[in-house]
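# Close look at the chain arrangement
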Amino acid sequence: MVQCEMCGAETQSPNTVKIEGAELQVCADCAEFGTEVKTQETTTTSTKYSTNKSGTSSSTGSSATGGSGGSSGRRRDLYDEMEELAEDYDDRIRNARESRDLMQEELADQINEKVSLIRKLEHGDILPSDEVQSKLEGHFDISLTAATESGDEEWDSGDSDSGLTLGDMVERKD
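Predicted model, so just to flag it, every value in this text is computed and none were measured. (Residues numbered from 1 in each chain as written. Predicted model: local features only at pLDDT ≥ 70, side-chain atom pairs only at ≥ 80, totals over all residues. Heavy atoms only, no water.)

### Points about the nonpolar core
Applied cut-off: The term nonpolar core refers to a set of buried residues drawn from Ala, Val, Leu, Ile, Met, Phe, Trp, Tyr and Cys, joined through side-chain atoms within 4.5 Å. Burial status follows relative accessibility: with a 1.4 Å probe on protein chains alone, a residue under 20% of its type maximum counts as buried, one over 50% as exposed, and anything between as partly exposed. Helix and strand definitions here come from DSSP, where helices need a minimum of 4 consecutive H or I residues and strands a minimum of 2 consecutive E residues; each element is numbered from the N-terminal end. Pairs of residues are marked as contacts when any of their non-hydrogen atoms sit within 4.5 Å.
Formed by 14 residues in total, the largest nonpolar core has its most connected members in Ile 93, Leu 107, Leu 121, Leu 136 and Phe 140. When residues of this core are traced back to their parent elements, those giving at least two are helix 3 (89–99), helix 4 (104–111), helix 5 (115–123) and helix 6 (130–140). Ignoring sequence-local partners within four residues, the contact set of Phe 140 consists of Ile 93, Ala 96, Arg 97, Arg 100, Leu 102 and Leu 107. Ile 19, Val 26, Cys 27 and Ala 31 belong to the second largest nonpolar core, which has eight residues in total.

What follows is the structure in C-alpha cells.
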C-alpha cells in the first residue's frame, strides 16, 4: 500500500498527477485536482527530471553546451554559485568613499543612484542589489563579498577525542 502524497490516504494504485507544477503520487480522489502525467516505462536509469529527449543523463548535455553543471549528476543549485555579501559591506563602502574624499551626494551622482540609497547602505539598513553592488565594486575597485573561508575559521572539528558537540558551540538565550 502506498500513501497519497496529498491527503495521506492508503491506496493500492497511486496516480502520478501534476499539481501546481509538482508531480505527486495521489489517490483516485485527489487525482481530479491535477493533470495526469504519462510516465514512460523504460529500463534505463534516467530520472523523470531529465530534460533531454534521448534518455541519456542530463549532465552530459549541459556540459556540452558550456553549462556550469559538473559531471556529478546532481542538479545545479543556484545558491551554490552565489557569493555571500560581507558582513562589513557598509564599512567597506564608507571607507572607500571617505578615502577618496567624496561626500555621499557626490558618490550618488557618480554612480547614478539616490543619496538616500547611499546613506542606507552605509548605515547597513539595506543590502545592495546586484546592480548597485557591481557599480560600487567597479567604481571603488573593492570587493563587497565575503571570503568563502571566513565563516569556517572559528570551527575546528578536531579529532574524535575532542568531545565537542554542536551543543557545546551554541549559546542559549534562556
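### As for a nonpolar patch on the surface
Put simply, the rule reads: Residues form patches when they are more than 30% accessible in relative terms and have no salt bridge. Like charges link within 9 Å. Nonpolar side chains (Val, Leu, Ile, Met, Phe, Trp, Tyr) link within 5 Å. Using a 1.4 Å probe, the Shrake-Rupley method yields the accessible areas, and only the shown protein chains count as cover for residues. Any carboxyl oxygen of Asp or Glu that lies within 4 Å of a side-chain nitrogen of Lys or Arg is treated as forming a salt bridge with it.
Judged by side-chain polarity, Leu 164, Leu 166, Met 169 and Val 170 come together as a nonpolar surface patch covering roughly 400 Å² of accessible area. Turning to its location among the elements, Leu 166 is positioned in helix 7 (residues 166–169).

### As for the confidence of the model for the protein
A low pLDDT means the predicted coordinates there should not be read in detail. Selection criterion: The predictor attaches a confidence to each residue, called pLDDT, with possible values from 0 through 100.
With 65% of its residues at a pLDDT of at least 70, the protein reaches an overall mean of 75. The model gives residues 50–71 a pLDDT under 50, and that stretch makes twelve contacts with residues more than four places away or in other chains. When the criterion is pLDDT under 50, residues 149–153 qualifies, and its contacts beyond four places in sequence or with other chains add up to zero contacts.

### Considering the packing of helix 4 against helix 6
To keep it simple, the criterion reads: For helices, the fitted axis covers only the stretch in contact; all axes are lines through C-alpha atoms, and the angles between them, taken along N-to-C directions, range from 0 to 180 degrees. Should an angle fall under 35 degrees it is called roughly parallel, over 145 degrees roughly antiparallel, and 65 to 115 degrees roughly perpendicular, with every other angle called oblique. Lys, Arg, Asp and Glu make up the charged group, whereas Ala, Val, Leu, Ile, Met, Phe, Trp, Tyr, Cys and Pro make up the nonpolar group; the residues left over, Gly among them, are polar.
Contact geometry for helix 4 and helix 6: axes closest at 11 Å, N-to-C directions at 105°. One finds that helix 4 runs roughly perpendicular with respect to helix 6. Of the residues in helix 6, those touching helix 4 at Leu 107, Gln 110 and Ile 111 are Lys 135, Leu 136, His 139 and Phe 140. Classifying every residue of the contact of helix 4 with helix 6 by side-chain character gives four nonpolar, two polar and one charged.

### Remarks on the packing of helix 3 against helix 5
Between helix 3 and helix 5, whose axes approach to 6 Å, the crossing angle comes to 120°. Judged by the inter-axis angle, helix 3 sits oblique to helix 5. In this structure, helix 3 uses Tyr 89, Asp 90, Ile 93, Arg 94 and Arg 97 to contact helix 5, whose residues at the interface are Leu 121, Glu 122 and His 123. Split into classes, the residues belonging to the contact of helix 3 with helix 5 amount to three nonpolar, one polar and four charged.

### Some words on unusual backbone geometry
Of note, Glu 20 is a non-glycine position whose phi angle comes to about 55°, a positive value. Structurally, the position occupied by Glu 20 is in the loop between strand 3 (15–19) and strand 4 (22–26). The exposed category is assigned to Glu 20, whose relative accessible area is 82%. Residues other than glycine seldom take positive phi values, yet Asp 141 does so here, at roughly 55°. Here Asp 141 is to be found in the loop between helix 6 and helix 7. With relative accessibility at 71%, the residue Asp 141 sits in the exposed group.

### Description of helix 3
Put simply, the rule reads: It is the directions from the helix axis to the C-beta atoms that the arc portrays.
Inspection of helix 3 places Tyr 89, Asp 90, Ile 93, Ala 96 and Arg 97 among the buried residues, and these make up the whole buried set. Buried residues of helix 3, seen end-on, are gathered within an arc of 140° and therefore sit on one face of the element. Residues of helix 3 that are buried in the fold lie against helix 4, helix 5 and helix 6. In the segment just after helix 3, Asp 101 is the residue with positive phi, at about 55°.

### Here's the deal with the sheet that holds strand 5 (residues 35–36)
This is how the line gets drawn: Pairing between two strands requires that DSSP report at least two bridges joining them.
Taken together, three strands build an open sheet; the order of strands is 4-3-5 and the sheet is antiparallel. Every other strand in the sheet has two partners, leaving strand 4 and strand 5 as the edge strands with one partner each.

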